[in-house]
Amino acid sequence: MATRVKDVARRSTKKYVEEALYRRLFRKGSTPQAVREEVDGFLDSRKRAFKWEVGVCVRRMRRNELYRPALKLTEVMARRGMNPTVSDQAIRLDLVAKSRGIAAAEKYFLDLPETSKTHLTYGALLNCYCKELMTEKAESLMEKMKELNFAFTAMSYNSLMTLYTKVNQPEKVPSIIQDMKADDVLPDIFTYNVWMRALAALKDIPGVERVIEEMKRDGRVTPDWTTYSNLASIYVDAGQFEKAEAALKELEKRNTSNDIEAYQFLITLYGRTQNLVEVHRVWRSLKRNCPRKVNMSYLNMIQVLANLKDLPAAEACFKEWEARHIHPPKANMKGSEASTTEPESPTNAPSNQSDVKGTKGVEELELKHPKYDIRVANAMIKAYIAEGMLDKAVALKKRAKMRGGRLNAKTWESFMEHYLKAGDLKMAHWCADRAIKKGHSSGRIWVPPHEVTETLMGYFEKNKDVDGAEQYVHVLRKVQKDLGTLVFEPLVRTYATAGKKFPGMRQRLKIENVELGEETAKLLDSICVDQ
């Protein structure tokens, strides 16, 4: 790696990108919009990069679920002469599936040269089928792989077993294990973990314990902290807290490298056993052994403390995070104030929206932090709302925004849920509108649950609010393709109860491919009077 870094430092900046490619692409953070803009800027510059740099960037984008920019980068670089290996093609197949769908991935696979159709690309396609829960296609492809002698690693079997657990067919997993043994395919740590999960789904806790014993006898595969995290979670789900805590002690012993993720699992699982003392003890260990705590550690801890109703500790944890991670950078005041302006709210927004939106004040003079992680603030906001502390939730939302946090769909979803429970459907609608728009603008689509849409459409119908219903439908259309009868049945009834006409409603329903129920269909005669 050191040699590669030196190569980057020595290369010509006339032909090559000025800095390491991964630094260039992630210099503004890892949000979809920021990475997309940097990828476009790099490609538009026509500058070159080393092949290994492109690989590093693609791996990081996949980890962050930035599939579209990763696919664009690989496709453009390939067109510019960067020859892909079979491994690269397998990765690209996965990116195509995640960005454009299974049909596009199948076409990409079929168009590959025969020399590229190896266990890697077959395995990638199999994994895509399993991810999409396409059982028949996955089973058929697995048989083909066996015929070609491509099913010689545990990975393919693991994908199939994971599929069966997701489609509620865990009873099929033991037979897959027998197939592996018959074909002399050695299990890996993931094999044992998914096998344990399948037996747990079958309520076979003694079977789970036998798998652990078999793993120990195997000698080739050593149980690591993930194994005991898996086991502890199974015991918690079964209500066997004593055994769960024994497994957590084993987890802790095996975390010899002080993996921060292991600490997070410990905190989460001790939280699920309602053991607040152990939660605080592990948190102290995490802070001692992992001084550079990441935002996710604080997020996880706040969520666990909130679930355990220890709100003062959650508040203290949030304040510690702000003190350690949110140091406002130097910036000109004019720019800081200008960027605090919230996009215009809907013209028919409720009069009490300022309670949620917040009003301008002295705090707005605070400088902003460029990487304020709104997820941490969202966890605290949700905790306040759960305890009925709406004023504190609103104040924190305002403070987070002023410190540089970009309110997202999850922020508004928490407030929406509060107003739904309180029966304030006017405010619930406004918050849902904000959540949809924020999700759409950030590239992280948020679609309201069906029951929320059903409730809001019922609210419009009851209040004969055609304009409100149409506005909601218009916004919902941005994130959901098929609105169906869930939306159009109450929309037609809203027109009818309001006494409003819409001559083109029948044509609209035909375009939307919506068939109304018998009672609602009768109302069309009064709505479409001119047809």
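The rules behind these values
- Residues numbered from 1 in each chain as written.
- Predicted model: local features only at pLDDT ≥ 70, side-chain atom pairs only at ≥ 80, totals over all residues.
- Heavy atoms only, no water.
- Helix = DSSP H or I, 4+ residues; strand = E, 2+ residues; numbered from the N terminus.
- Buried < 20%, exposed > 50% of the residue type's maximum accessible area, 1.4 Å probe, protein only.
- Contact = heavy atoms within 4.5 Å.
- Areas by Shrake-Rupley, 256 points an atom, 1.4 Å probe, with all protein chains shown as cover.
- UniProt positions renumbered as here; feature names shortened; annotations may be inferred.
- Salt bridge = Lys/Arg side-chain N within 4 Å of Asp/Glu carboxyl O.
- Patch = residues over 30% accessible without salt bridge, like charges linked within 9 Å, V, L, I, M, F, W, Y side chains within 5 Å.
- Lys, Arg positive; Asp, Glu negative; His and termini not counted.
- Charge placed at Lys NZ, Arg CZ, Asp CG, Glu CD.
- Phe/Tyr/Trp six-rings, centres within 6.5 Å; stacked < 30°, edge-to-face > 60°.
- Lys NZ or Arg CZ within 6 Å of the ring centre and 35° of its normal.
- Axes fitted to C-alpha atoms, helices over the stretch in contact; angles between N-to-C directions.
- Parallel < 35°, antiparallel > 145°, perpendicular 65-115°, else oblique.
- Nonpolar A, V, L, I, M, F, W, Y, C, P; charged D, E, K, R; others polar.
- Core = buried A, V, L, I, M, F, W, Y, C linked by side-chain atoms within 4.5 Å.
- Left-handed = near helix turned anticlockwise from the far one by under 90°.
- Polar contact = N/O pair within 3.5 Å; in protein donor to acceptor, adjacent residues only side chain to side chain.
- Expected span 1.5 Å × (residues − 1).
- Arc of directions from axis to C-beta.

S.K.: Help me understand the overall build of the protein chain, please; the structure alone is not making it clear to me.
M.R.: Helix and strand content of the protein chain: 31 helices and 0 strands. Counting every position in the protein chain, which comprises 531 residues, the buried fraction comes to 47%. A fraction of 66% describes how many contacts in the protein chain between residues 6 or more apart in sequence connect residues 24 or more apart. Accessible surface, the protein chain as shown: approximately 27500 Å² in total, 51% of it carbon and sulfur.

S.K.: Just checking my understanding: could you explain the UniProt feature "repeat: PPR" (unreviewed entry) in the protein chain for this structure?
M.R.: The sites that carry the UniProt feature "repeat: PPR" (unreviewed entry) are, in the present numbering, residues 118-152, 153-187 and 188-222. As annotated, residues 118-152 has a helix share of 74% and a strand share of 0%, and its two end C-alpha atoms lie 12 Å apart. Spanning residues 188-222, this segment combines 77% helix with 0% strand, and its end C-alpha atoms are found 9 Å apart.

S.K.: For this particular structure, what's the right way to read the pattern of salt bridges?
M.R.: Pairing is possible between side chains of opposite charge, provided their charged atoms come close. Tallying each qualifying case throughout the model produces 42 salt bridges. A salt bridge links Asp-467 to Lys-500, with the nearest nitrogen and oxygen atoms 4.0 Å apart. Taken together, the positions of Asp-467 in helix 27 (residues 466-477) and Lys-500 in the loop between helix 28 (484-498) and helix 29 (505-512) put the pair 33 residues apart, joining distant regions of the chain. Given a relative accessible area of 54%, Asp-467 falls into the exposed group. Taking the shortest distance from any N to any O, the salt bridge between Arg-506 and Asp-525 comes out at 2.6 Å. Taken together, the positions of Arg-506 in helix 29 and Asp-525 in helix 31 (residues 524-527) put the pair 19 residues apart, joining distant regions of the chain. Here the salt bridges do not stand alone but share partners, grouping Arg-24, Arg-27, Lys-28 and Glu-38 into one network.

S.K.: Got a minute to help me understand a positive patch on the surface in this structure?
M.R.: A cluster of basic residues, Arg-59, Arg-60, Arg-63 and Lys-371, forms a positive patch at the surface. As for its position among the elements, Lys-371 is in the loop between helix 21 (353-357) and helix 22 (374-386). For Lys-371, a relative accessible area of 58% translates into the label exposed.

S.K.: Would you mind showing me how to read the packing of aromatic side chains here?
M.R.: Two aromatic rings are characterised by how far apart their centres lie and by the angle between their planes. Inspection of every chain in the model, using the stated rule, returns 12 aromatic pairs. Aromatic side chains Phe-109 and Tyr-122 sit 4.9 Å apart centroid to centroid with 80° between the ring planes, which places their arrangement in the edge-to-face category. Of this pair, Phe-109 sits in helix 7 (residues 102-111) while Tyr-122 is found in helix 8 (residues 119-131), placing the two residues 13 residues apart along the sequence. Taking the relative accessible area as the measure of exposure, Phe-109 reaches 6% and is therefore buried. For Tyr-122, a relative accessible area of 10% translates into the label buried. Here Tyr-459 and Phe-460 contribute two aromatic rings whose centre-to-centre distance is 5.5 Å and whose plane-to-plane angle is 55°, an arrangement assigned as tilted. Assigned by exposure class, Tyr-459 and Phe-460 land together as buried. Here the aromatic residues Phe-109, Tyr-122 and Phe-150 are joined through ring pairs into a cluster of three or more. Here Lys-98 stacks its cationic end above the ring of Tyr-67, 5.4 Å away from the centre of that ring. The cationic tip of Lys-117 hangs over the ring face of Phe-109; the distance from NZ or CZ to the ring centre is 5.5 Å.

S.K.: Sorry if this is basic, but what is going on with the environment of Val-39 here?
M.R.: When you line up the elements, Val-39 lands in helix 3 (residues 32-45). Judged by its relative accessible area of 1%, Val-39 falls in the buried class. The spatial distance from the C-alpha of Val-39 to the C-alpha of Arg-24 is 8.6 Å, given a sequence separation of 15 residues. Setting aside chain neighbours within four positions, we find Val-39 in contact with Leu-25, Met-61, Pro-69 and Leu-73.

S.K.: For this particular structure, what's the right way to read the packing of helix 16 (residues 260-272) against helix 18 (residues 295-307)?
M.R.: To characterise two packed helices, one gives the angle between the axes of the helices and the distance between these axes. Between helix 16 and helix 18, the least distance of the axes is 9 Å, while the angle of their chain directions is 5°. By the angle class used here, helix 16 and helix 18 are roughly parallel. Of helix 18, the residues touching helix 16 (which contributes Ile-260, Gln-264, Ile-267, Thr-268 and Gly-271) are Met-296, Ser-297, Asn-300, Met-301 and Val-304. Looking at the contact of helix 16 with helix 18 residue by residue, the classes come out as 5 nonpolar, 5 polar and no charged.

S.K.: What exactly am I supposed to notice about the nonpolar core here?
M.R.: Counting residues in hydrophobic clusters, the biggest one holds 159 residues, and the most contacted among them are Leu-25, Phe-42, Met-61, Leu-73, Phe-318 and Met-380. When residues in this core are grouped by element, the largest group, 9 residues, is from helix 22. Here Leu-25 is in contact with Val-35, Glu-38, Val-39, Phe-42, Cys-57, Met-61 and Leu-73, once residues within four sequence places are set aside.

S.K.: Which parts of the structure should I look at to understand the packing of helix 10 (residues 154-166) against helix 12 (residues 189-201)?
M.R.: Their axes nearest at 10 Å, the elements helix 10 and helix 12 cross at an angle of 20°. With respect to their mutual orientation, helix 10 and helix 12 come out roughly parallel. Here helix 10 runs over helix 12; the crossing is left-handed. In this structure, helix 10 contributes Ala-154, Asn-158, Met-161, Thr-162 and Thr-165 to the contact, and helix 12 contributes Phe-190, Thr-191, Val-194 and Ala-198. A breakdown of the residues in the contact of helix 10 with helix 12 according to their chemical character gives 5 nonpolar, 4 polar and no charged.

S.K.: Is there a simple way to explain the side chain of Asn-300 in this structure?
M.R.: As for its placement among the helices and strands, Asn-300 is situated in helix 18. A polar atom in the side chain of Asn-300 sits 3.0 Å from the backbone oxygen of Gln-264. Apart from residues lying up to four places away in sequence, Asn-300 is in contact with Gln-264, Ile-267 and Thr-268.

S.K.: Whenever I open this one, the side chain of Thr-121 confuses me. Can you help?
M.R.: Among the secondary structure elements, Thr-121 is positioned in helix 8. Overall, the relative accessible area of 0% leaves Thr-121 in the buried class. A polar contact is formed between the side chain of Thr-121 and the backbone oxygen of Ser-116, at a distance of 2.7 Å. There is a polar contact of 3.1 Å between the side chain of Thr-121 and the backbone nitrogen of Thr-118.

S.K.: I'm lost on helix 6 (residues 86-100) in this one. Help?
M.R.: Residues lying three or four places apart along an α-helix face the same way, a consequence of the helix completing one turn every 3.6 residues. Over its 15 residues, helix 6 extends 20 Å from the first C-alpha to the last, a length consistent with the 21 Å expected when each residue adds 1.5 Å. For helix 6, the full list of buried residues reads Gln-89, Ala-90, Leu-93, Asp-94, Leu-95, Val-96, Ala-97 and Ser-99. Where helix 6 is buried, its residues touch helix 4 (51-63), helix 5 (67-79), helix 7 and helix 8.

S.K.: When you look at helix 3 in this model, what are you seeing that I'm missing?
M.R.: Relative to the 20 Å expected for 14 residues at 1.5 Å per residue, helix 3 spans 20 Å between its end C-alpha atoms, a close match to the ideal helical length. Within the sequence span of helix 3, burial applies to Pro-32, Ala-34, Val-35, Glu-38, Val-39, Phe-42 and Leu-43. For helix 3, the buried positions fall inside an angular range of 165° around the axis, keeping them on one side. Buried residues along helix 3 sit against helix 2 (21-25), helix 4, helix 5 and helix 25 (425-442). Looking one or two residues beyond helix 3, the residue adopting positive phi is Arg-46, at roughly 65°.

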